[in-house]
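Remarks on the overall topology
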Amino acid sequence: MTGVEEQDVALKLLHTADWHLGKRFPSFDELDQKLLTRARLEVIDSILGQAQRHTVHAVLCAGDLFEDPDPGREWWEGLARRFSTVADWPETRPVFLLPGNHDPLTRKSVYWPEHPFRRALPPWVHVVDRAGFEYPLSAEAVVYAEPCQSAAGQDDLALALPDREPGDERIRIGLVHGQTTDIPGHQSNFPIARDAAQRRGLDYLAIGDTHSYRRVSPDAHVPVVYPGAPEATAFDESDAGHVVVVFFRRGRRRPHIKPIRVGRWQWEEHVCRDLDALRQLAARQDLKQRVVRLHLDLDATLGEKAEIDRLERELKGTDASPGQVGVLVVERDIRLDTSDDNWLDGLPDILVSVVKRLKAIERDDPDTARRALAHLHTLVRSRSGAPAVTSRKRT
Amino acid sequence: MRLVRLSVEHFGCVQRADVEFGNQLNVLYGPNDLGKSSLAAAIRAVLLLQPGSSAHEPYVSWQSGDAPEVVLTVETERHHYWRVHKRFGNKAVSTLHFSSNGRDFHCEFKGRQVDSELRKQLGWGIPEPGGRGGPRGFPTSFLTAALLAEQGEVADLFDRKLADDPDPSGKKLLADVLQATARDPLFGSIVKATQSKVDDAFTPTGKRSRARTSPFYGVAQELKKTASELDQLEIEAQKNRHIDQQITALNQQLLNQEAARERARQTLAGIEAMVAKQSELDRVRGELGRAEELIRQSEEAQRAQQEQFERSDQLKAHRDRCQEELDQARTALTRAEERIEQLRRDQREQEHRIRQCDLDRAELEHRRRDADDRAELARQVDTAGREHDRIAAELAALDTELADRQGQLADHRTTLEQLQAERDLLQAVDKWLRWRDLRDQLDKADQAAIELVQLFTEIEELSTKADELAEEIEVEVAAQPLPSAGEMARLRDIDGQLRVARAALDVGISVTIEPVNSVRVEVACDGEETVDLGDIREPRTVAAGREMRLTLPNLATMRVAGGSGDANSRYRAAVDSWAESAEPILSAAGVSSLDQLDRLFEQASERVGEIEELRRQVELLEEQAESKRQALIAVQPLRHRANALEDELSAHDLDQLDARVAELGESAASAVGDRIAAVQRDLDAAEKHTLHLQLDLAAQTQRRASTGETLERALERREKADRAIARLAASESSGVGPDALPSWQTVLQDAEEAMVDCERRLAELDEQRRALVEGASDAAARAELEAARERAIEAEKALHHAVAELEKARDELSRRNYDAETKIQAVETIEVEPLRARVNALAGELDELRAAHGGDGAAVASEADLENARALVGRAGAEVREVEKQLDQARGALRETGGERLREKLDDLHARHRQLQHKEQDVELDYRAWKLLLDALLEAEKEQAVHLGRSMAGPVADRFRELTSDRYGGLDLGPDLETHGIFAGGGQRRISVLSVGTKEQLSTIFRLSLAERLGSAVLLDDQLTQTDPRRMDWFRRKLREISQHIQIIVLTCRAGDYLIDDELPRDRAKLKEGAGVRAIQLENVISRT
């Protein structure tokens, strides 16, 4: 705890959101899809571990915990099992699960009181399964929550929270899911007014929806915080992978907020415009826990293409060996330069004549002919020992 | 191909010979004239010569003249053994047997098919026998010259070329083989890898493979699935976008409507303010008006009070005048009453006279009425007579018209009957025609019934035949049960396992026995018969393919098996499995091999096919029969119809109908229909006209009856009038006879005269009475009296009126006094000026309001304006509520469609779809490139392989250079392997310049190279006789080297040229097997005649 003495703390909360359990990643290979999909459930252990480590008083899960209202048995069962098997979890530490727009509270959702998911949860897990949800954490603190009850909506759920009654001096925590209206380029779904927390007399508004960690209006008197997704779901989520621990000191309204990294995967994009850039990437040793989108946008001789293929195999891995990168997606825009004939030295005449034929065709159908030449080059190389990579003639 | 065994009988000088060849180098040696070339010729003959050809004659047994007979077993490919048996001559025999193990043969071809099959299999450029251009005599080709060259034709190969072959199969075989074997290993490997890639993606016809293993399949399926999901999501997203747009539009609409409502509210408020102001103004104005009215009324009341004072004075004067007038009138009245009394007395006398005049007048009135009655009676008689005459004339005219109409009706009835008769006849003709048509159909149906019976018979026969065949097969199957398809599959599986297991053992075994002392050895290789090697003292090597049993009599038996322990285990397991599972089935089926079982299956299949064919025929016939039966059933109603028509036609003269049909011509059926329709139309028209006539006639008859009745009534009236006249006349002249009675004209004239007289007398009487009445009264007195009375009455009335007026004036005066006093008091409290000031202020405020609301400043906000403004506000409010309702609905719909979540999924899927499209394009490009590469590789290879000489020249030249210590360079071979020359001394030389020995060496190398390429056995019939020992040594080594790949059969009289001493069989041994060399001592093999 930075600058906050343990005995001085009146309330500690762990705030998380946007787990998206059951989310698929169709743009990835099948194995990678499974890896990334499973990671959503695996990170729950880290989240609960952080809650334990910080001995928080409650865990607030601010919506979109499942990708869909009824994501399939393996997901809700997996989550319930993780809750049930977490070690040394005190009964007095509640966990609040809030339905978001991805997993709204409907009759078919896992949150519905009759759903088997509810029976599988330990008693300290509370589902916000009604409007006007209120849960006193202690004599000094109370949680108010409003669930999303549909996939889309225009209601401000934060403004649906009750006002502070005169004389109410408790720490009032709001828990809703929605979009603050200052996100450019987004049409607001369940909009949250910037001053909603203040208008309702809250001390902290825990919200979910945006996958990057973000404090809405950092200078505002009442903090409104997106903890972000604990595991990123896309390359444009720059600051995903966190949960937030919120500390309320005695006698002070304004809490201290501390983001903590829990995600395993870091997502990053690379554009390689020459072979050296690719070589540098391949030389990195920290790619095991990375999800990398690699865009190869470069010109290459047949020899360089062979090296590119090799480096790509090393990064991606093969059936026989794991790759250097945890998850790799490659987009290729490689323009082949077939003018280099050095590799023909020592080849049988018949193969030389084949190359000449293909080069003749290259004038009419350059893409196919160049790819064919690349195939031939690869076959020759694999059968006659790897010749030295010939660099593309640069002008 | 390799030769396995040769058996010869009665072939030239050879009485009998039986040779088993080794797989590699076979050196068959013996002295001259032993029959070596006969054996070579026997091989050529059995492979190439048709048994009935006269070309066999040189080979007829020299001694006995028996027909030469040759049996040759060859292995064309692994596990494909063929045994050719030919007996040449008049009793020619030719068979070709096949075996998969070299032991169990079965006959595949006989007679002419043998050569046909052989030439096809060998592919040596010899056409199949019998066709146009087929060879006569001993056929030869480039490859027969190369592989089976006769002894003296060693250099003949240099004069041949493939293009001269009678069949292109030789060139094709060589092209295929050379193309495959000439490949550079790297090139071959690349072709193979490329072909594999292309095979993965394309069908043999070059189309994209749709197989699951195709590289296109996975991505295409995934793309299809993604596209499908995308389409579904797009539909939802479209809905979502639509709802979004709807919400945006509705929000805008709501703003507009709220603004409109606000404007309407403001307008209403303005109007309400104006109305309130107007109301206030009106109220104040009312107050002002009322005040002014009160003042005016006050003034008016004072004026009226004054006037009333004046009027009261006038009325008093008037009353006095009226009183005076009344007094004068009363005096005059008294005088008039006195005079009237006198007059009344005179009047009573006059009244008596007047009553007498009235009695006279009544008498005259009675007479006049009587005359009037008689005149009326006379006029009635006249009128009744004229009426009777008119009606009688009318009745006569009606009778004439009625007779005319009845005539017309009779004529029409005749026409009608004629038309009905025509119609009935035509209908009978129509039925007649239909009956004849039905009769034709029924005749055909009867014919079909006969055919149906025949079909049933045929079906019965075929069914019986099929059943009999089926029973036969059942009996056969029961006698010789065939395995089921499952068992058959199992057998094939076991057979395959056995072959694979056996092949795994076939790794080649070479055992060298190095005896310490002389030891007798017997050897059996690869399951063949045991060969006694005799006592051996020197090391001896024995070779086998997969197994070998070495027996040292009385000492030991050693079994050597090729392959690993596992392979042997698998082989034994396969053999056991075969014995356990396959042999009982084969035995039950009465066959010894799978092939025989296959043939049994084929035969059974053919029989089943026959049955199925019969059953198909039966089904076909049954379908035909059913079709006919249905047709017959369909005909049955026609038969009933025909019978009904016959009954209907029984009343008609059929000859007449036929005649009428003949009149109608060929298209009678349609003509009669038209004619019936036409007649029916005429008939309908005639019936209609007749009906009109009948109705007309009935009306005329009715009218005549009515006129008759009228006439009778007129007659009655006339008679009645006549009787009245008579009665009148009789009453006036009683006693007069009827003949003396006056006519009605006389009566009328008398009556009119009497009436005129009465009128005149009445006028006189009235004048007389009037005079009496006037004479009986004193008009002046009466008038005076009346005037006096009236004057008195008027005066009294005037007095009363004047008194009343005066009283009223007094009351009015009193009231007006009070009114004036009251109003004066009220006016005294009114302040008019403040009210006027207030009115002006309110009017100003109202003008300001009007100006503020765009009014013209003069118009007054009416109640209607207010109502309109309220209605406008109401409508605006309703529209706002309606838009809010729509907005709520749209938001509700958005809640259902998924909003942001849907967009995220759609983005994910779009990304995936683009990725897959890119991948699909990449895979397509990749495999298009593989295909292009393969095409380029094969084209390059084809271009190279078409020139066969280029493929062959290299290996031949290399070996020749080696043999001749580089004295000679490359061999110049043409595309068809024709020899153009050889390079030596820096230039090309003709072959003819070479020495005989060099030529035969070059030829042998060429032949060996060709055989090597073909993988075929080659026969060298003592063709290196001119070769020196040094080069012979080279050949000996080279032959051993080459024989590792192909079988070489050398026939020679100089065993030492090819064998070393150790390789020669001892004494009377037929052969000796060395390392890859089998030496066969022909003296111990050939029996000469």
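Residues numbered from 1 in each chain as written. Chains lettered and ligands numbered in written order. Predicted model: local features only at pLDDT ≥ 70, side-chain atom pairs only at ≥ 80, totals over all residues. Heavy atoms only, no water.

What about the overall build of chain A?
Selection criterion: Strands are runs of DSSP state E lasting at least two residues, helices are runs of H or I lasting at least four, and both sets are numbered from the N terminus onward. Atoms counted for the radius of gyration: C-alpha only. Globule rule: 2.2 Å times residue count to the power 0.38. Only protein chains enter the area calculation, which uses a 1.4 Å probe; residues under 20% of their type maximum are buried, those over 50% are exposed, and those in between are partly exposed.
A count of helical and extended segments in chain A gives eight helices and 17 strands. Its C-alpha atoms give chain A a radius of gyration of 28 Å, more than 25% over the compact-globule value 21 Å for 395 residues. The principal-axis extents of the C-alpha atoms in chain A amount to approximately 95 × 45 × 40 Å. Burial analysis of chain A (395 residues in total) assigns 56% to the buried set.

Here's the deal with the nonpolar core
Put simply, the rule is: Residue types Ala, Val, Leu, Ile, Met, Phe, Trp, Tyr and Cys, when buried and joined through side-chain atoms within 4.5 Å, form a set referred to as a nonpolar core.
Counting 97 residues, the largest nonpolar core has B:Leu47 and B:Ile1048 as the members making the most contacts within it. Considering each element in turn, this core owes the most residues, nine residues, to helix α1 (residues 36-48) of chain B. Counting 55 residues, the second-largest nonpolar core is a separate cluster that includes A:Leu287, A:Leu311, B:Val923 and B:Leu937.

Details of the packing of aromatic side chains
The cut-off we apply is this: Ring pairs are drawn from Phe, Tyr and Trp, using the six-membered ring of Trp, whenever the two centres fall within 6.5 Å, and their geometry is named by plane angle: stacked under 30 degrees, edge-to-face over 60, tilted for the rest. Placement of a positive charge over a ring is assigned whenever Lys NZ or Arg CZ falls within 6 Å of the ring centre and within 35 degrees of the normal to the ring plane.
Within this structure, the stated rule accounts for 22 aromatic pairs over all chains. Seen from their ring centres, B:Trp1034 and B:Phe1035 are 5.1 Å apart, and the 90° between their planes marks the pair as edge-to-face. The exposure class of B:Trp1034 is buried, given its relative accessible area of 7%. Cluster of aromatic residues (ring-pair linked, three or more members): A:Phe25, A:Phe28, A:Phe235 and A:Trp267. The ring of B:Phe216 has B:Arg208 sitting right over it, with the charged end atom 4.2 Å from the ring centre. In this structure, B:Lys931 packs its charged tip against the face of B:Phe202, placed 5.4 Å from the ring centre.

Concerning the interface of chain A and chain B
How we decide: Here a residue-residue contact requires only that any non-hydrogen atoms of the pair lie within 4.5 Å. Buried area, as used here, totals the accessible surface that two parts lose on assembly, with accessibility defined by a 1.4 Å probe and the loss added over both. One speaks of a salt bridge when a side-chain nitrogen belonging to Lys or Arg is within 4 Å of a carboxyl oxygen belonging to Asp or Glu. For this analysis, a polar contact is any N or O atom pair within 3.5 Å, provided that within protein one partner can donate a hydrogen and the other can accept it, and provided that sequence-adjacent residues contribute only side-chain to side-chain pairs.
Taken together, the contact pairs 42 residues of chain A with 38 residues of chain B. Carbon and sulfur atoms supply 60% of the area buried between chain A and chain B, which totals about 3500 Å² over both sides. Considering only the side of chain A, the residues that lose the most area to chain B are A:Ile350, A:Arg357 and A:Arg371, jointly responsible for 17% of the buried surface there. The interface formed by chain A and chain B contains five salt bridges. The partner of B:Glu939 in a salt bridge is A:Arg357, with the nearest N and O atoms 3.1 Å apart. Along the contact surface separating chain A from chain B lie eleven residue pairs in polar contact (both at pLDDT 80 or more). Broken down by secondary-structure element, the contributors of at least two residues to the side of chain A that touches chain B are β17 (327-337), α7 (349-362) and α8 (366-384) of chain A.

With respect to the domain arrangement of chain B
To be explicit about the condition: By convention here, the domain bounds are inherited from an automatic or database domain assignment.
Looking at the assigned domains, one finds that chain B contains domain 1 (2-201 + 944-1030 + 1041-1061 + 1079-1088) and domain 2 (508-562). Centre-to-centre, using C-alpha coordinates, domain 1 of chain B lies 32 Å away from domain 2 of chain B.

Concerning the side chain of B:Glu1073
Mapped onto the secondary structure, B:Glu1073 falls in strand β19 (residues 1071-1073). Sequence-distant contacts of B:Glu1073, that is, excluding residues within four places in its chain, are made with B:Arg540, B:Thr541 and B:Arg1078.

Points about the sheet that holds strand β16 (residues 987-989) of chain B
Residue and element names in this part refer to chain B. The condition is simple: Pairing between strands is defined by DSSP: at least two bridges between them are needed. Helix axes use the C-alpha atoms of the stretch in contact, all axes being lines fitted to C-alpha atoms, and the angles between their N-to-C directions lie in the range 0 to 180 degrees.
Reading across the sheet, the three strands line up as β14-β15-β16 and stay open at both edges, with antiparallel pairing between neighbours. Either end of the sheet is taken by a strand with one partner, and the two such strands are β14 (968-973) and β16. Taken pair by pair, the neighbouring strands of this sheet meet at an average axis angle of 35°, ignoring direction. Sheet topology note: the β14/strand β15 (residues 979-984) ladder contains four bridges and is antiparallel. By the bridge assignment, leucine 971 is partnered in β15 with isoleucine 982.

Some remarks on the domain arrangement of chain A
All names here are of chain A. Annotation of chain A at the domain level lists domain 1 (6-261) and domain 2 (266-384). Domain 1 and domain 2 are separated by 46 Å when their C-alpha centres are compared. If you look at the interface, domain 1 gives eleven residues, while domain 2 gives twelve residues. With both sides pooled, the region where domain 1 packs onto domain 2 buries about 940 Å², and carbon together with sulfur makes up 71% of that total. For the pair domain 1 and domain 2, the number of links is two salt bridges. For the salt bridge of aspartate 32 with lysine 316, the shortest nitrogen-to-oxygen distance reads 3.2 Å. At the boundary of domain 1 and domain 2, one finds two residue pairs in polar contact (both at pLDDT 80 or more).

Considering the pairing of strand β2 (residues 58-61) of chain A
All names here are of chain A. Quick note on the threshold: The handedness rule is simple: strands pointing away from the viewer, and a clockwise path from the first strand over the helix to the second, make the crossover right-handed.
Residues Ala58 and Leu60 point to one face of β2 and Val59 and Cys61 to the other, with burial holding for every one of them. Both strand β1 (residues 9-16) and β2 contribute to a ladder of four bridges, which runs parallel. If you follow leucine 14 over to β2, its bridge partner there is valine 59. Crossover connection from β1 via helix α1 (residues 30-53) to parallel β2: handedness right-handed. With helix α2 (residues 73-85) bridging β2 and its parallel neighbour strand β3 (residues 95-97), the resulting β-α-β unit is right-handed.

Quick notes on a negative patch on the surface
So the rule is basically this: Two distance rules govern patches: like charges are joined within 9 Å, and nonpolar side chains (Val, Leu, Ile, Met, Phe, Trp, Tyr) within 5 Å, applied only to residues with over 30% relative accessible area and no salt bridge. To be clear on the numbers: accessible area is Shrake-Rupley with a 1.4 Å probe, and residue cover counts the displayed protein chains and nothing else. Charged residues are defined narrowly, with Lys and Arg counted positive, Asp and Glu counted negative, and His plus the chain ends left uncounted. In plain terms, the charge of a residue is placed at NZ if it is Lys, CZ if Arg, CG if Asp and CD if Glu.
A cluster of like negative charges, contributed by B:Glu709, B:Glu712, B:Glu716, B:Glu719 and B:Asp722, occupies part of the molecular surface. Looking at where B:Glu716 falls in the secondary structure, it is placed in helix α11 (residues 668-732).

A closer look at the environment of B:Asp926
For B:Asp926, the location among the structural elements is in helix α16 (residues 899-946). For the pair formed by B:Asp926 and B:Pro127, sequence separation is 799 residues and the distance between their alpha carbons is 45 Å. The residues touching B:Asp926, leaving out its near neighbours within four places in the chain, are A:Arg371 and A:His375. At 2.8 Å, the side chain of B:Asp926 and the side chain of A:Arg371 are in polar contact.

What to know about the packing of α7(A) against helix α5 (residues 185-201) of chain B
The criterion, for reference: Every angle not falling under 35 degrees, over 145, or within 65 to 115 is termed oblique; those three ranges are roughly parallel, roughly antiparallel and roughly perpendicular. For this scheme, ten residues count as nonpolar: Ala, Val, Leu, Ile, Met, Phe, Trp, Tyr, Cys and Pro. Four count as charged, namely Asp, Glu, Lys and Arg, and the remainder, Gly too, count as polar.
Where α7(A) contacts α5(B), the axes come no closer than 8 Å and their chain directions differ by 45°. In terms of orientation, α7(A) lies oblique with respect to α5(B). Contacts between α7(A) and α5(B) pair A:Ile350, A:Leu351 and A:Val354 from the former with B:Leu186, B:Phe187 and B:Ile190 from the latter. Residue classes in the contact of α7(A) with α5(B) are distributed as six nonpolar, no polar and no charged.

Quick notes on the sheet that holds strand β12 (residues 547-552) of chain B
Residue and element names in this part refer to chain B. Spatial ordering of the open sheet is given by β10-β9-β12-β13, a layout of four strands whose pairing is antiparallel. In the strand order of this sheet, the two ends are held by β10 (530-536) and β13 (556-561), each with one partner. Adjacent strand axes in the sheet meet at a mean angle of 20° when their direction is disregarded. One ladder, built from six bridges, connects strand β9 (residues 519-525) with β10; its direction is antiparallel. Of the residues in β10, the one forming a bridge with glutamate 522 is aspartate 532.

Considerations on the pairing of strand β5 (residues 80-87) of chain B
Residues and elements named next belong to chain B. When strand β4 (residues 69-77) meets β5, the two strands line up antiparallel, connected through eight bridges. The partner of threonine 73 across the bridge, within β5, is arginine 83. Here β4 folds back onto β5, and the loop between the two strands holds two residues, one of which, histidine 79, carries a positive phi near 65°. Inspection of the sheet shows β5 paired to strand β6 (residues 93-99) by seven bridges, in the antiparallel sense. Of the residues in β6, the one forming a bridge with histidine 85 is threonine 95. Where β5 folds back onto β6 in an antiparallel hairpin, the turn is made up of five residues, including glycine 89, whose phi is positive at roughly 115°.

Some remarks on the packing of α1(A) against α2(A)
Residue and element names in this part refer to chain A. Put simply, the rule reads: Put simply, a crossing is left-handed when the front helix is turned counterclockwise from the back one by less than a right angle, and right-handed when it is turned clockwise.
Running from amino to carboxyl end, α1 crosses α2 at an angle of 20°, the nearest separation of the two axes being 10 Å. Looking at the two axes, α1 sits roughly parallel to α2. The hand of the α1/α2 crossing is right-handed. Together, Thr37, Arg38, Leu41, Glu42, Ile44, Asp45 and Leu48 of α1 and Glu74, Trp75, Gly78, Leu79, Arg82 and Phe83 of α2 make up the contact between the two elements. Split by residue class, the contact of α1 with α2 holds six nonpolar, two polar and five charged.

Side note on α2(A)
Residue and element names in this part refer to chain A. Our working rule: What a helix should span is 1.5 Å times the count of its residues minus one.
With 13 residues, α2 extends 18 Å from end C-alpha to end C-alpha; this agrees with the ideal 18 Å at 1.5 Å per step. Buried within α2 we find Trp75, Trp76, Gly78, Leu79, Ala80, Arg82 and Phe83. Residues of α2 that are buried in the fold lie against α1, β3, α3 (116-120) and β4 (125-127).

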